[in-house]
Amino acid sequence: MKMILDLDTGVDDTLAIAYALGSPEVDLIGITGTYGNVLMEQGVRNALAITELLGHPEVPVYKGLPHASTKDSFEVMPISAFIHGENGIGDVDIPDATRDAQTDSAVDFIIDAAKTYGKDLVIVPTGPQTNLAAALRKAPEIKDEIGREVLMGGALTVPGNVNAWTEANISQDPDAANFVFRSGIPATMVGLDVTLQTLLTYKETQRWRDLGTAAGKALADITDFYIKAYETTAPYLGGCGLHDPLAVGVAVDPTLVTLLPINMKVDVEGATRGRTIGNEEELTNPVKTMDVAVGVDVPRFLNEFMTRITNLAAQ
Ligand code: BDR
Ligand code: CA
């Protein structure tokens, strides 16, 4: 399959890149940059550097929109810097990339890729869906051309992680998420319902460090920063949430999760702005364009995650 990762490249976005690059089923045709864990420009720098560190300088990286269309600017929240580091990659120093971002925009790249690859294309947003919403507004026909969107975001059966009703990625641009969900694009929502069940500990990151490679050490150091933050913000979990790599895992193999077909919407007004919830107008529509992951085979996913990323980092 052809894959586009749309990332606000923080720590788990980095692990999503590693999962995709470690998957023989995936041809990663590009990374598009969004904002959230870091500013869009910093996320793009991180994606360029991480792909090179992992031995894949051929992956093109595109700059996306720097903030939601309803806002004039975007500022990184202090909690994001606490969880992902000021630089988004656990304040670990890795070599700067030797190449630059592409000159085409992320939005145009997404549209062109949909037209070129059609049903073979999967887009995996692991930040706010601002870029995909803009692509769908500019070229609405791509909703029928793209194979599927598999997004990390939202929560159906559990509370949010920003507040009781909002998950971080959706909270950054609820209007974009609502537009994408209601557009009719085939979409799978991989939200907190499942991503907070897939946890990583220092034991696994040590395996990467033990490889004795630059990539293994960097991935271990970057992820340890994130595990440490989870020890403060969610000590009851006993590890860090593998949010973004699980979305890649589901794109590669949907049988890793139990899927509930249900057309979703996002509350864009009132006190619950940012809540992902079933679209009541669509509940009796037999045509479901969306699935929500409501269960996950944790041991199988963790095994896939470790095998793919360890093999990649060993090279
Ligand atoms: C999501 O928010 C971001 O901080 C993470 O990278 C992930 O995409 C989890 O709610
Ligand atoms: Ca992310």
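Residues numbered from 1 in each chain as written. Chains lettered and ligands numbered in written order. Predicted model: local features only at pLDDT ≥ 70, side-chain atom pairs only at ≥ 80, totals over all residues.

### Topic: the site of ligand 1
Consideration 1: Lining the immediate surroundings of ligand 1 are 14 residues, of which Gly10, Asp12, Thr126, Ala168 and His243 lie closest.
Consideration 2: Broken down by secondary-structure element, the contributors of at least two residues to the shell around ligand 1 are α1 (11-21), α7 (168-172) and α12 (243-252).
Consideration 3: Here the residues of the shell around ligand 1 are counted per class, giving two nonpolar, eight polar and four charged. (Near = placed C-beta within 6 Å. Helix = DSSP H or I, 4+ residues; strand = E, 2+ residues; numbered from the N terminus. Nonpolar A, V, L, I, M, F, W, Y, C, P; charged D, E, K, R; others polar.)

### Digging into the sheet that holds strand β2 (residues 27-33)
Consideration 1: One open sheet holds the eight strands; their spatial order is β3-β2-β1-β4-β5-β6-β12-β9, and the pairing between them is mixed. The open sheet is flanked by β3 (61-62) and β9 (257-261), the only strands paired with a single partner.
Consideration 2: With five bridges joining them, β9 and strand β12 (residues 290-296) adopt antiparallel strand pairing. Opposite Leu259, over in β12, you have Ala293 as the bridge partner.
Consideration 3: This element, α1, spans β1 (2-7) and β2 of the sheet and lies at about 170° to β1. (Pairing = 2+ DSSP bridges. Contact = placed C-beta atoms within 7 Å. Axes fitted to C-alpha atoms, helices over the stretch in contact; angles between N-to-C directions.)

### Overview of the confidence of the model for the chain
Consideration 1: This prediction gives the chain a mean pLDDT of 98; 100% of its residues lie at or above 70.
Consideration 2: Here the predicted complex carries an ipTM of 0.99, next to a pTM of 0.98. (pLDDT = per-residue confidence, 0-100.)

### A look at the UniProt feature "domain: Inosine/uridine-preferring nucleoside hydrolase" (unreviewed entry) in the chain
Consideration 1: Under the UniProt annotation, the feature "domain: Inosine/uridine-preferring nucleoside hydrolase" (unreviewed entry) is placed at residues 3-302.
Consideration 2: The annotated region residues 3-302 carries 40% helix and 17% strand content, and the separation between its end C-alpha atoms amounts to 21 Å. (UniProt positions renumbered as here; feature names shortened; annotations may be inferred.)

### With respect to the pairing of β1
Consideration 1: Across the six residues of β1, five count as buried, placing the element largely inside the fold.
Consideration 2: Bridge count between β1 and β2: six bridges; the pairing is parallel. When the bridges of β2 are listed, Lys2 appears paired with Asp27.
Consideration 3: With respect to chirality, the unit in which β1 leads through α1 into the neighbouring parallel β2 is right-handed.
Consideration 4: Direction of pairing for β1 relative to strand β4 (residues 121-125): parallel, over a ladder of five bridges. Its bridge partner being in β4, Met3 is matched across the sheet by Val122. (Buried ≥ 20, exposed ≤ 12 C-beta atoms within 10 Å, placed from the backbone. Right-handed = clockwise from strand over helix to strand, strands pointing away.)

### Brief notes about the nonpolar core
Grouped burial of nonpolar side chains is what soluble globular proteins tend to show.
Consideration 1: Counting residues in hydrophobic clusters, the biggest one holds 94 residues, and the most contacted among them are Leu5, Ala20, Ile110, Val180, Val190 and Ala247.
Consideration 2: Among the elements that line this core, the one with the most residues is α1, at eight residues.
Consideration 3: Beyond its immediate stretch of four places on either side in the chain, Val190 contacts Val150, Leu151, Met152, Thr195, Leu246, Ala247, Val250 and Ala293. (Core = buried A, V, L, I, M, F, W, Y, C linked by C-beta atoms within 7 Å.)

### A short note on the packing of helix α11 (residues 214-233) against helix α13 (residues 298-314)
For any two helices packed against each other, one specifies the inter-axial angle together with the distance between the axes.
Consideration 1: At a minimum axis distance of 7 Å, the contact between α11 and α13 shows a crossing angle of 135°. In terms of their interaxial angle, α11 and α13 are classed as oblique. Along the contact surface, α11 presents Ala215, Gly216 and Leu219, while α13 presents Ile309, Ala313 and Ala314.
Consideration 2: In terms of residue class, the contact of α11 with α13 is built from five nonpolar, one polar and no charged. (Parallel < 35°, antiparallel > 145°, perpendicular 65-115°, else oblique.)

### Some thoughts on the environment of Ile227
Consideration 1: Checked against the element boundaries, Ile227 lands in helix α11.
Consideration 2: Look at Ile227 and you get partly exposed, because 19 C-beta atoms sit within 10 Å.
Consideration 3: For the pair Ile227 and Gly238, spaced eleven residues apart in sequence, the C-alpha separation works out to 8.9 Å.
Consideration 4: Once residues within four sequence positions are removed from consideration, Ile227 is found in contact with Leu200, Thr201, Tyr202, Gly239 and Cys240.

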